[in-house]
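# Report on the structure
Below, each chain spelled out in residue letters.
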Amino acid sequence: MELKLKVNEVIGLNNTLKSIIDNGNIEINIVLKYRFLGIMQSIKSHITNFEIIKNEKIVEYGEETEKGTYQISNDKPEVIENFKRDIEQVLNSEVTININMLKPDEVFDQGLTSDYLIDLYPIIEE
């Protein structure tokens, strides 16, 4: 199913899925884990694209350090504001993801906290 989300929602979804999968205290069934990994694979290009843009903007607005990396100085508020403005434009842009929505009975009673379920809500069928 095609689903429209903002880039910041896609990043949040990816972080939630990764957190669930990596959390050794949550014992989700193997099929659900496999579904989560499939969803992460489906949104991977959006995460990668955002990281590329973010890194380009850090180079554009930042200064090269002695180690050859770039960073944005905290003592330049105007530069920080310009960086934030550019990044927020990307984070608020809408993308389309194509995933099989999760069924409620797949995710409920799996030991997931309410915070996790709220984060997963956009990809759970009604």
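Up top is the structure.
The rules we used
Residues numbered from 1 in each chain as written. Predicted model: local features only at pLDDT ≥ 70, side-chain atom pairs only at ≥ 80, totals over all residues. Heavy atoms only, no water. Helix = DSSP H or I, 4+ residues; strand = E, 2+ residues; numbered from the N terminus. Salt bridge = Lys/Arg side-chain N within 4 Å of Asp/Glu carboxyl O. Buried < 20%, exposed > 50% of the residue type's maximum accessible area, 1.4 Å probe, protein only. Expected span 1.5 Å × (residues − 1). Contact = heavy atoms within 4.5 Å. Axes fitted to C-alpha atoms, helices over the stretch in contact; angles between N-to-C directions. Parallel < 35°, antiparallel > 145°, perpendicular 65-115°, else oblique. Left-handed = near helix turned anticlockwise from the far one by under 90°. Nonpolar A, V, L, I, M, F, W, Y, C, P; charged D, E, K, R; others polar. Core = buried A, V, L, I, M, F, W, Y, C linked by side-chain atoms within 4.5 Å.

### Here we look at the environment of Tyr70
Along the chain, the position of Tyr70 falls in strand S3 (residues 70-71). Taking the C-alpha atoms as reference points, Tyr70 and Ser45, 25 residues apart in sequence, are found 24 Å from one another.

### With respect to the pattern of salt bridges
Any two side chains of opposite charge can pair, on the condition that their charged atoms come close. Per the stated rule, a full pass over the model turns up seven salt bridges. Of the charged contacts in the structure, one is a salt bridge between Asp22 and Lys18, with a shortest N-O distance of 2.7 Å. Of this pair, Asp22 and Lys18 both sit in helix H1 (residues 7-22), four residues apart, roughly one helical turn. Judged by relative accessible area, Lys18 falls into the partly exposed class, the value being 42%. The partner of Glu106 in a salt bridge is Arg35, with the nearest N and O atoms 2.6 Å apart. Taken together, the positions of Glu106 in helix H4 (residues 104-107) and Arg35 in helix H2 (residues 30-61) put the pair 71 residues apart, joining distant regions of the chain. Because the salt bridges share partners, they merge into one network encompassing Lys57, Glu60, Arg85 and Asp86.

### Observations concerning H1
Compared with an ideal rise of 1.5 Å per residue, which puts 16 residues at 22 Å, H1 spans 22 Å between its outermost C-alpha atoms and is within 8% of the ideal. Where H1 is concerned, the buried positions are Val7, Val10, Ile11, Leu13, Asn14, Thr16, Leu17, Ile20 and Ile21. Its buried side turned inward, H1 meets strand S1 (2-6), H2, helix H3 (77-91), strand S4 (94-98) and helix H5 (114-120).

### Things to note about the packing of H1 against H2
Contact geometry for H1 and H2: axes closest at 9 Å, N-to-C directions at 140 degrees. As judged from the angle between their axes, H1 and H2 are oblique. Crossing of H1 over H2 shows left-handed handedness. Every residue of H2 that contacts H1 at Val7, Val10, Ile11, Leu13, Asn14, Leu17, Lys18, Ile20 and Ile21 is listed here: Lys33, Phe36, Leu37, Ile39, Met40, Ile43, His46, Ile47 and Phe50. Grouping the amino acids of the contact of H1 with H2 by side-chain chemistry returns 14 nonpolar, two polar and two charged.

### Notes on the nonpolar core
With 35 residues, the main nonpolar core has Phe36, Leu102, Val107, Leu112, Leu120 and Ile123 as its most contacted residues. Secondary structure elements with two or more residues in this core: S1, H1, H2, H3, S4 and H5.

### Quick look at unusual backbone geometry
In this structure, Asp109 takes a positive phi of about 60 degrees despite not being glycine. On the secondary structure map, Asp109 appears in the loop between H4 and H5. Look at Asp109 and you get exposed, because its relative accessible area is 81%.

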